Every structure is written in structure tokens, then in C-alpha cells.
Amino acid sequence: MTKPRVPLLDLVAQYQSIRSEVDEAIARVVETQQFIMGPEVEALEEEVAAYCGAPHGVGCSSGSEALLLALMALGVGPGDDVVVPTYTFFSTAGSVARLGARPVFADIEPGTCNVTAATVENALARCDAPKAVIPVHLFGQAADLTGIGEVVGGLPLIEDAAQAIGCVDAEGHRVGSRGSLTCLSFFPSKNLGAYGDGGMILGHDPAQVEQLRILRLHGSKPKYHHAMIGLNGRLDALQASVLRAKLVHLDAWREGRAENAAAYESAFREAGAAGADIPLADGGLPLRVPVVAKAPARHVFNQFVIRVPAGSRDALRARLTEQGIGNEVYYPVPLHQQECFAGLGGGEGDLPVAERAAAETVALPIYPELTSSQRDHVAGTVLDFVERL
């Protein structure tokens, strides 16, 4: 029997299911020839903000530019320290460094791979001039904003929710509804993905939101009059139209991801896997699954990340690839160990939980269009491998 091919993400299958809606949305923009800003962007800003429980949305050109604009709005610059996770996508720290500020790296907890109040507090103790903290809601699960808020004092929090639109925290708050600024990414691989780059900042303070709107247009208002220096950070209308067509399906897609995650977890735990908060060194089946907070929390599973012994990970990935199963490592090198940040003095052993995650984690296909046979093939391949270790 031919085994099913399982890509890490199947955007073709998604497009086939909504083709007419997306094509109509794109045609609407083409017919108006209004490609930069305009009513499509404004409508998307309102719709995404309402979905996330925030009063305002500011569309921009990418999730990375959303972070940069948010930091600019807070006045971050040379001499400032900003606490960021070491285990996340590069732009969280890269945006800080681009402004001449210093990223100060925080470790994570093993179960969720998120920063915690304790790890943020530890990072703050290493700051000379703390200006802000950027918690990341990694892989689609909310970090503990309440606990983190208690240790940061009056420092502003910029939520990096690039992977977490629609996520709900342990207190029942939707991500984006609490923090002063929340950054979203619409990169194609995200749960709500554009057909290219795109991002958004959610805000609560009208004056701050207005500043962000000016900053994304080279700092000009009115046109050709610049009271501040900004950048070209606009979201284009074609991307906004695609995102509007897809937004109405986001909850159904989230439910599909959750169903797939539950099936994986059930199969793995029945075979003897433990949660990722239990070190692999403790023994048992050499497989760990994500620790997911119970309701009212809601994980949106932008990724489903398992852990296996570091020395076996490459072999598992090779086996998955051999079986036609897409897989990925998020993220193989923690930020404090990246060459470009060598001048900050970070080294091996400084942030050990993140370093172990970087060596042990593998992401499996979790997209909502997965069939049961595809899902069974993935789970069976993983279990066949780890049971032989």
C-alpha cells in the first residue's frame, strides 16, 4: 500500500477550498487599481482588531516591521535594553538591534517553550537600562502575561503574537486584548497567512496608534511633511483582500489544528510519551509532547513540536523525510548563540533550557487539511522510530 505524502504545510489544499473567495477578493482590488493602503487595508484592520478584542489595528508590511514600528513608537534606541526570549524567530531580537538597542535574552520553560515571570526577572537583573519586554506567544500558546507583568514593573510589554492569532491565555483573555501593543505576522505559513508578507500591530492608546500610522508612512502627515522619521512599512491592498477572505475561516481552521494535535497527543501518550516538562533524561519512551494549558486557555497550534533525544533528532528527521513527511526544526540555534550577537557575550550553558529545546525539538505537520490517514502515517512513523531507540 502506498504511504501518503504529508508536507509540513499544504497551502495548495487550503487554496483549493477557498479559491472562489480569494479570487474574488483579488479581482476586487485589481478592478479598483488601488493597491497601496485604502479601504481593503482599513477594513482588515477593523476586522482583525475586533477578532482579537483590541480597539485598533495598524496594518504593516510584515511581522518583523510590526515589531520594529512598535519599538520605534516606544522610543527604543541606543543605550536601551529590551528583554526578549532567546528561543524564538530572529526578528524579535533583530528589531531591537536594528534600533541600536541591546537585546537581553531570557530563557524559557520546557513544557511550552515560552518565557516565564522567573526567566524574564532573571533577564531584567542583567539589564543596565531596561526599556521594554517582548514576550513571545510561541508556537500558538500564550505566555503568562499576568505573571510577567508583575515582575516588569512599569516597563511596557510588546506582545509578539506572530504565531498566535486567536490564542487565549489561561485567564480567558484573547491575545491582543490586554497588552499595550501586540504584533502579528501574516507570513504565508502562519495560521492566517497572506500571499506574501504582511503584519499588523494591535493597539489600545489612540495617540500611540496614530503615531504608528504615521511611522509606517515614512513619518509623514500630511503627505510630504515629516514631523518624525519613519519607514516604508505599509500593508498593500492585495494582501489585505486575501487576508479578509481567509479570516472568516480562521476559527474552523483552528479547530482542525486542535483536532490533529489531540490525535497526535493521544497516540503518543498511549504509547508512553510524557509531557515536555519531563526531561528526556528521566527515561521512559524517548518522546515528549507539548504541555497544553487547560481551558479557558486555547492553543492555536501554529506548530506541533515534539522532543526526542538530541543525538537521535537528525536520524528521526531523515526517517520522516524518507517516508514523505515534512518536518522542521524551530529553532536550531538560540539567539544568544547566534554569530551576529557574539559581541553581547552569550555562550553555551548560559540559557540551558532553550539550548536543550534547540537540540531536541522537531515540528510535525499540523495543518487543518490533514487527513486521518496522513495523520496516522506521521504518528506511526514517529513511534516506530522512538520505540527502537
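What you see is a predicted model, and the numbers here were worked out from it, not measured in a lab. (Residues numbered from 1 in each chain as written. Predicted model: local features only at pLDDT ≥ 70, side-chain atom pairs only at ≥ 80, totals over all residues. Heavy atoms only, no water.)

A. Summary view of helix H8 (residues 237-247). For H8, the tally of buried residues reaches nine of eleven residues, placing the bulk of the element in the interior. Turning to H8, its buried residues number three or more, namely Ala237, Gln239, Ala240, Ser241, Val242, Leu243, Ala245, Lys246 and Leu247. Residue Asp236 occupies the N-cap position of H8, its side-chain oxygen lying 3.0 Å from the main-chain nitrogen of Leu238. (Buried < 20%, exposed > 50% of the residue type's maximum accessible area, 1.4 Å probe, protein only. Helix = DSSP H or I, 4+ residues; strand = E, 2+ residues; numbered from the N terminus. Polar contact = N/O pair within 3.5 Å; in protein donor to acceptor, adjacent residues only side chain to side chain.)

B. Main features of helix H11 (residues 352-360). Buried within H11 we find Val353, Ala354, Glu355, Ala357, Ala358 and Glu360. On its buried face, H11 is in contact with strand E10 (304-307), helix H10 (310-322) and strand E11 (361-364). (Contact = heavy atoms within 4.5 Å.)

C. The environment of Leu344, seen in detail. Tracing the sequence through the fold places Leu344 in the loop between H10 and H11. Classification of Leu344 by relative accessible area gives partly exposed; the value is 37%. Taking the C-alpha atoms as reference, Leu344 lies 48 Å from Asp23; in sequence the two are 321 residues apart. The residues contacting Leu344, other than those within four sequence positions of it, are Arg102, Pro103 and Phe105.

D. Region of interest: the packing of aromatic side chains. By the definition in use, this model includes ten aromatic pairs. Here Phe90 and Phe341 contribute two aromatic rings whose centre-to-centre distance is 5.6 Å and whose plane-to-plane angle is 20°, an arrangement assigned as stacked. A residue pair is termed long-range when its members are at least 10 positions apart, and Phe90 in the loop between strand E2 (81-85) and helix H4 (91-98) and Phe341 in the loop between H10 and H11 qualify at 251 residues. On the basis of relative accessible area, Phe341 is assigned to the buried category, the value being 5%. With 6.5 Å between their ring centres and 70° between their planes, Phe139 and Tyr330 make a pair best called edge-to-face. Of this pair, Phe139 sits in the loop between strand E4 (130-133) and helix H6 (145-152) while Tyr330 sits in the loop between H10 and H11, and the two are 191 residues apart along the sequence. Here a set of aromatic residues connected by ring pairs shows up, and it is made of Tyr87, Phe139, Tyr330 and Tyr331. Cation over ring: Arg174 sits above Tyr51, and NZ or CZ is 4.5 Å from the ring centre. (Phe/Tyr/Trp six-rings, centres within 6.5 Å; stacked < 30°, edge-to-face > 60°. Lys NZ or Arg CZ within 6 Å of the ring centre and 35° of its normal.)

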